[in-house]
Amino acid sequence: MVVNKPPMGWNSWNTYAEKIDEALILESARALKESGLADAGYNYVVIDDCWALHERGKDGKLVPDPEKFPRGMKALAGEIHALGLKFGMYSCSGLMTCARYPSSLDREWTDAQTFAEWGVDFLKYDYCYKPLNRRGEELYRAMQLALANSGREILLSACSWGADKTHEWIRSTGSGMWRSTGDIFDNWNSIKSLILQQLPILPYGGRGCFNDMDMLVVGMNGKGNVGLGGCTEEEYRTHFAAWCMLQSPLMIGCDVRNMSEFTRSLLTNPMLLSIDQDPLCAQTFRLDALTVDFDPNKQDCCILARMLEGGDIALGFFNLSDSVKNLHCTLNDMGLGVSSGMTLEMCDCFTGEKRSPICGTVSALGLQPHACKVYRCKVVKA
Ligand code: GLA
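Structural notes, computed from the coordinates. (Residues numbered from 1 in each chain as written. Predicted model: local features only at pLDDT ≥ 70, side-chain atom pairs only at ≥ 80, totals over all residues. Heavy atoms only, no water.)

1. Re the overall build of the chain
Helices and strands together make up the secondary structure of the chain, namely ten helices and 16 strands. Over its C-alpha atoms the chain spans a radius of gyration of 21 Å, differing by no more than 12% from the 21 Å that the globule rule assigns to 382 residues. Considering only C-alpha atoms, the chain reaches an extent of 75 × 45 × 35 Å along its principal axes. The 382 residues of the chain split such that 58% are buried. Sequence separation of 24 or more characterises 73% of the internal contacts of the chain that already satisfy a separation of 6 or more. (Helix = DSSP H or I, 4+ residues; strand = E, 2+ residues; numbered from the N terminus. Rg over C-alpha atoms; globule rule 2.2 N^0.38 Å. Buried < 20%, exposed > 50% of the residue type's maximum accessible area, 1.4 Å probe, protein only. Contact = heavy atoms within 4.5 Å.)

Rendered as structure tokens:
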């Protein structure tokens, strides 16, 4: 299936890992609806690893654990669809899933058929225990072909963590998104590291197959499976804004049944979401080499920009370092030279405040450690 914008939804792994069941998944789906997250675009409800029995059935099919999912997956899919949401599941391309449950290696056609029968719309497909004599691209192509011939539209979400130079071959597999980094954890070092890992591989993402920076940790506050430490509100803001500037899929990982107002409003920030979901899907580019504080040996700040549909520009200043920074870029570098007679009207995505560049330069002065400033900019007469 053609994936035109970064998929959005919720995934069970970050908070619950193996502690999943039908009630939890349905409560989370209902919470997506009731909180307004579904209306904001979060429409995939994805069950991650640990949903199956350890043995396949006599017919060779995967079997949902009857203690966790007593009514089976088809019934659950029906309820999720009735809420107007889409249903995602998980399997693995290697010998077992990462949590050592049955995988789909050499069972791709059986499993794709099963997923289609259950009403699955999205398949996260992992990379653990890959046999050394098999190539990743072959394994993802096998599942994509099986899904594409299953009679149901199922988005393949590849999860090989950027291993084996995934960026070089993933678009050849027909996957709709691909995990371009290792697993996220709910702490600042993890977020900083994932942002820095993205920067060299920006040209590989975009419409059709989006770079997936992993599920969000916004709102986890140190709780749950990957909740190692937690982040400050400032850090969650920077995390979410970076994922949006970099056009990552947005899969929520927190307990959506118990969200704070801060979490709900950050996840539904309309200006940031419009940047993430921008239909032009232009590549995000960097402007940071221009800044006076820039030290190429110490990558701890970045200025990111992206052309948006209709002629606007998204612009983000990110201070990933532990000290206060002053960051600068010029309009010229965004394609607005003096000869254009044009400038920007910049709208702060968090506060709605408007500002303008001064003498062709845009600065973020006194940017606090781990903070960001992100603007949606209109091109206007100077
Ligand atoms: C891998 C993936 C995670 C999650 C776990 C499940 O680590 O990268 O996102 O799916 O497996 O076991």
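2. Quick notes on the pattern of salt bridges
Enumeration over the complete set of coordinates arrives at 19 salt bridges. Several salt bridges converge on common partners, so that one network encompasses Glu22, Arg71 and Glu79. (Salt bridge = Lys/Arg side-chain N within 4 Å of Asp/Glu carboxyl O.)

3. Overview of the site of the ligand
Around the ligand lies a shell of 13 residues, among which Asp48, Asp49, Lys124, Asp126 and Asp183 are the nearest. Between the ligand and lysine 124 there is a distance of 2.8 Å, counted from an oxygen atom to a side-chain nitrogen or oxygen. Against a free-state accessible area of 310 Å², the protein chains account for coverage of 93% of the ligand. Looking at the shell around the ligand residue by residue, the class counts come to seven nonpolar, no polar and six charged. (Near = heavy atom within 4 Å. Polar contact = N/O pair within 3.5 Å; in protein donor to acceptor, adjacent residues only side chain to side chain. Areas by Shrake-Rupley, 256 points an atom, 1.4 Å probe, with all protein chains shown as cover. Nonpolar A, V, L, I, M, F, W, Y, C, P; charged D, E, K, R; others polar.)

4. Topic: the nonpolar core
Membership of the largest hydrophobic core comes to 89 residues, with the highest contact counts inside it found for Tyr42, Trp51, Phe240, Trp243, Ile252 and Phe318. Here this core takes seven residues from helix H8 (residues 233–245), the largest share from any one element. Core analysis: the next-biggest nonpolar cluster, separate from the first, contains 20 residues, Ala305, Met334, Met346 and Ala364 among them. (Core = buried A, V, L, I, M, F, W, Y, C linked by side-chain atoms within 4.5 Å.)

5. Quick look at the pairing of strand S5 (residues 155–159)
Here S5 lies mainly inside the structure; five of its five residues are buried. Neither face of S5 is open: one carries Leu155, Ser157 and Cys159, the other Leu156 and Ala158, and all of them are buried. Relative to S5, strand S4 (residues 122–126) is paired through five bridges, and the arrangement is parallel. Residue aspartate 126 lies in a different strand from S5, and its bridge partner there is cysteine 159. (Pairing = 2+ DSSP bridges.)

6. Considerations on the packing of aromatic side chains
Applying the stated rule across the entire model yields ten aromatic pairs. Ring geometry for tryptophan 51 versus phenylalanine 115: centroids 6.4 Å apart, planes at 65°, classification edge-to-face. Taken together, the residues span a long stretch of sequence, with tryptophan 51 in the loop between strand S2 (44–46) and helix H3 (72–82) and phenylalanine 115 in helix H4 (residues 108–118) at a distance of 64 residues. Exposure remark for phenylalanine 115: the relative accessible area of 0% places this residue in the buried category. (Phe/Tyr/Trp six-rings, centres within 6.5 Å; stacked < 30°, edge-to-face > 60°.)

7. Some remarks on empty space enclosed by the protein
Gaps left between atoms are located by rolling a probe of water-molecule size over the structure's atoms. Scanning the model with the defined rule gives two cavities of 30 Å³ or more in all. For the largest cavity, the full set of lining residues is Asn11, Phe122, Lys124, Ser157, Met177, Arg179, Asp212, Asp214, Met215 and Met251. Residue assignment for the lining of the largest cavity shows that the elements contributing at least two residues are S4 and strand S6 (177–179). For the lining of the largest cavity, the per-class residue count stands at four nonpolar, two polar and four charged. (1 Å grid on protein atoms, 1.4 Å probe; cavity = no way out; pocket = protein on both sides within 12 Å on 5 of 7 lines; lining within 4 Å. Points joined across faces, edges and corners; volume = space filled by probe spheres on them.)

8. Overview of the packing of helix H7 (residues 188–198) against H8
Geometry of a packed helix pair, given as the angle between the helix axes and the separation of the axes. Look at H7 against H8: their axes get within 11 Å of each other, and the N-to-C directions meet at 20°. The angle between H7 and H8 places the two elements in the roughly parallel class. When the axes of H7 and H8 are compared, the crossing they make is left-handed. When H7 is examined against H8, the residues Trp188, Ile191, Leu194 and Ile195 are found in contact with a partner set consisting of Glu235, Thr238, His239, Ala242 and Trp243. (Axes fitted to C-alpha atoms, helices over the stretch in contact; angles between N-to-C directions. Parallel < 35°, antiparallel > 145°, perpendicular 65-115°, else oblique. Left-handed = near helix turned anticlockwise from the far one by under 90°.)

9. Examining the packing of H4 against helix H5 (residues 136–148)
With their axes 8 Å apart at the nearest point, H4 and H5 run at an angle of 40° to one another. Relative to H5, H4 is oriented oblique. Of the two elements, H4 crosses H5, and the hand of that crossing is right-handed. Listed contacts from H5 to Glu108, Trp109, Asp111 and Ala112 of H4 are Ala142, Met143, Leu145, Ala146 and Leu147. Tallied by class, the residues present in the contact of H4 with H5 amount to seven nonpolar, no polar and two charged.

10. Things to note about H7
Within H7, the full set of buried residues consists of Trp188, Ser190, Ile191, Leu194, Ile195 and Gln198. Seen end-on, H7 carries its buried residues on one side only, within an arc spanning 165°. Tucked inside the fold, the buried residues of H7 contact strand S7 (210–212), H8, strand S10 (301–307) and strand S11 (313–319). The distance from a side-chain oxygen at the start of H7 to the backbone nitrogen of asparagine 189 is 3.4 Å, and the residue carrying that oxygen is asparagine 187. (Arc of directions from axis to C-beta.)

11. Focus on the sheet that holds strand S9 (residues 285–286)
The sheet built from six strands is open, its strands ordered S9-S10-S11-S16-S13-S14 with antiparallel pairing. Strands at the two margins of the open sheet, each flanked by one partner only, are S9 and strand S14 (354–355). Pairing of S9 with S10 involves two bridges; the strand directions are antiparallel. Looking at the pairing, arginine 286 lines up with leucine 304 of S10.

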